[in-house]
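# Per-entry structural report
Here are the chains, one letter per residue:
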Amino acid sequence: MRSNGTALVSGVEDLLHRAAERLDSAEPGDAVGPLQVGVDLGTASCVLTVLAGPDDDLRPVWVGRESSGALRDGVVVDFARAAATIGRLKQAAEDALGVTLEATATAYPPCVPLADARACRFVCEAAGFDRVDLVDEVTAAQRTLQVVDGVVVDVGGGSTGVGVFRRGELVALDDRPGGGHHLDLVLAGALGLSLSDAEAHKRTHPRQSLPILVPGLQRIAENVRALTVEAADLPLHLAGGALMIDGAGAVLSTYLERTVVTYPHALLITPLGIARSAS
Ligand SMILES: Nc1ncnc2c1ncn2[C@@H]1O[C@H](COP(=O)(O)OP(=O)(O)OP(=O)(O)O)[C@@H](O)[C@H]1O
Ligand SMILES: [Mg+2]
């Protein structure tokens, strides 16, 4: 497994660190230069990201997150709640930055029916955006990671999306259920905890949790194997929050006998890439 190495990866890591700092602090950055907005409608949480500046000097100036409970496996199941969540995040960003945000990009899980993808656009329009660009989540993640030859694996709260990139082109895209929520179910069952206590325990006690979660992680690995039979030669780049538990990348790497590249703050990879997809 490797966690860094090339100048490109360290540039990506730097962007992720700066986005994470913005998420943790209430302080906005200067909304100077062209702005790009991204809305990630996630099962675990919705993230609104505002980037400022040109492509070679991107600055995350505002990153906000809220759990909506309005999505299941990446698909909007409560439209009004999702729109209200994004409306609140939009308002908070506008108040902090002192600008009106008119356009955004948003993303849908790979391979969902067109109607579900369109629902993501309608949520953003109902939240007050005039113009909405649509992109699939794996392509968005690749936009952050700039993977040329490799597999982008986005394991979120509810699903595992996989995109195979060769010479920078997306050549295969697929997804399967399975994410952090499923790991919580395993932990809750093993330790006799409620789901929300299991989620908290996973974050506060990663070392004790990891051995219990190994079979669940291997199951995610099996999904990745099945989705990448034509791309067994390529390294795996891990995005999404579910594999942020320390040691998860090594479990996948050992089990699949493949090179795995991990990133800090991996759950911000897709939200940043969505914002970069805004026209
Ligand atoms: N530090 C951490 N350690 C372990 N797991 C984590 C950590 N941080 C987040 N997670 C897990 O990541 C998951 C959320 O990841 P992410 O934000 O990528 O999902 P999402 O985009 O909301 O979901 P989806 O893409 O499936 O719709 C949750 O299940 C959570 O348990
Ligand atoms: Mg996601």
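Owing to the predicted nature of the structure, the values given are computational and were not obtained by experimental measurement. For every chain, the first residue of the written sequence is number 1, and numbering continues from 1 onward in sequence order. Chains carry letters and ligands carry numbers; both start at the beginning, A for chains and 1 for ligands, and go up in the order they are written. Reporting in this predicted model follows two pLDDT cut-offs: at least 70 for local features of residues, and 80 or more for side-chain atom pairs to be given and counted; totals over whole chains, interfaces and linings ignore these cut-offs and use all residues.

Buried residues dominate strand β2 (residues 46–52), accounting for seven of its seven residues. Pairing between strand β1 (residues 35–41) and β2: seven bridges, direction antiparallel. Note on β2: the bridge partner recorded for Gln36 is Leu51. By definition, two strands form a pair when at least two bridges between them are found by DSSP. Only DSSP runs of H or I reaching four residues or more are called helices, and only runs of E reaching two or more are called strands; each is numbered from the N terminus. With antiparallel pairing between neighbouring strands as the criterion, β1 and β2 make up a hairpin whose turn holds four residues. In this structure, β2 lies alongside strand β3 (residues 59–66), joined through seven bridges in antiparallel fashion. Of the residues in β3, the one forming a bridge with Ala52 is Arg59. The loop that links β2 with its antiparallel partner β3 comprises six residues; one of these, Gly53, has a positive phi angle of about 100 degrees. Using C-beta atoms placed from the backbone, we call a residue buried if 20 or more other C-beta atoms fall within 10 Å of its own, exposed if 12 or fewer do, and partly exposed for counts in between.

Moving on, we get to the sheet that holds strand β6 (residues 103–108). Strand order in the open sheet made by the five strands is β3-β2-β1-β6-β7, with mixed pairing throughout. Two strands lie at the open edges of the sheet, namely β3 and β7 (131–136), each paired on one side alone. Across the sheet, the mean angle from the axis of one strand to that of its neighbour is 20 degrees, orientation sign disregarded. Packed on one face of the sheet, helix α3 (residues 114–126) meets β1, β6 and β7 and runs near 150 degrees to β6. The axes are straight lines fitted to the C-alpha atoms, using for helices just the contacting stretch, and the angles between their N-to-C directions are given from 0 to 180°. Contact between residues is assigned whenever the C-beta positions, reconstructed from backbone atoms, fall within 7 Å.

With that out of the way, let us pick up the site of ligand 1. In the vicinity of ligand 1, 23 residues are found, and the nearest of them are Gly42, Ala44, Gly156, Gly180 and Gly241. Every element with two or more residues in the shell around ligand 1 is listed here: α5 (180–191) and α6 (195–204). Considering only residue class, the shell around ligand 1 consists of six nonpolar, 13 polar and four charged. Taken domain by domain, the shell around ligand 1 gets at least three of its residues from each of domain 1 (7–141 + 268–276) and domain 2 (147–267). By definition, a residue lies near a molecule or strand provided its backbone-derived C-beta atom is within 6 Å of it. We call Asp, Glu, Lys and Arg charged. Ala, Val, Leu, Ile, Met, Phe, Trp, Tyr, Cys and Pro are nonpolar, and the rest, Gly among them, are polar. What counts as a domain boundary in this text is fixed by an automatic or database domain assignment.

Domain assignment breaks the protein chain into domain 1 (7–141 + 268–276) and domain 2 (147–267). The C-alpha-based centres of domain 1 and domain 2 are spaced at 22 Å. Those elements that provide at least two residues to the side of domain 1 that touches domain 2 are α1 (7–24), α4 (137–145) and α9 (269–276). Residues that form the side of domain 1 that touches domain 2 fall into these classes: 12 nonpolar, six polar and five charged.

Another aspect to go through is the sheet that holds strand β10 (residues 169–177). Pairing is mixed in the open sheet, where five strands are placed in the order β10-β9-β8-β11-β12. A strand with exactly one partner marks an edge of an open sheet, and here the two such strands are β10 and β12 (260–261). As defined by bridge partners, strand β8 (residues 150–155) adjoins strand β9 (residues 159–166) across six bridges and the pair is classed as antiparallel. When the sheet's bridge partners are listed, Val152 is paired in β9 with Gly163.

Our focus in this paragraph is the packing of α4 against α9. Interhelical geometry of α4 versus α9 gives an angle of 90 degrees and a closest axis separation of 7 Å. Relative to α9, α4 is oriented roughly perpendicular. Contacts from Glu137, Ala140, Ala141, Gln142, Arg143, Thr144 and Leu145 of α4 reach α9 at Ile269, Thr270, Leu272, Gly273, Ile274 and Arg276. Among the residues forming the contact of α4 with α9, the class breakdown is six nonpolar, four polar and three charged. Between 65 and 115 degrees an angle is taken as roughly perpendicular, under 35 as roughly parallel, over 145 as roughly antiparallel, and anywhere else as oblique.

Within α4, nine of the nine residues are buried, which leaves the element mostly enclosed by the surrounding structure. Three or more residues of α4 are buried, namely Glu137, Val138, Thr139, Ala140, Ala141, Gln142, Arg143, Thr144 and Leu145. Immediately downstream of α4, the backbone of Gln146 shows phi near 55 degrees, a positive value.

Turning our eyes to something else, we now look at the environment of Gly216. In this structure, Gly216 sits in helix α7 (residues 206–227). The exposure class of Gly216 is buried, given the 22 C-beta atoms found within 10 Å. Considered as a pair, Gly216 and Leu195 are 21 residues apart in the sequence and their alpha carbons are 15 Å apart.

The subject of this paragraph is the packing of α5 against α6. Close contact between α5 and α6 brings their axes to 8 Å; oriented N to C, the two are set at 100 degrees. Classed by the angle they form, the pair α5 and α6 counts as roughly perpendicular. Along the contact surface, α5 presents Leu183, Asp184, Leu187, Ala188 and Leu191, while α6 presents Leu195, Ala198, Glu199, His201 and Lys202. Classifying every residue of the contact of α5 with α6 gives six nonpolar, one polar and three charged.

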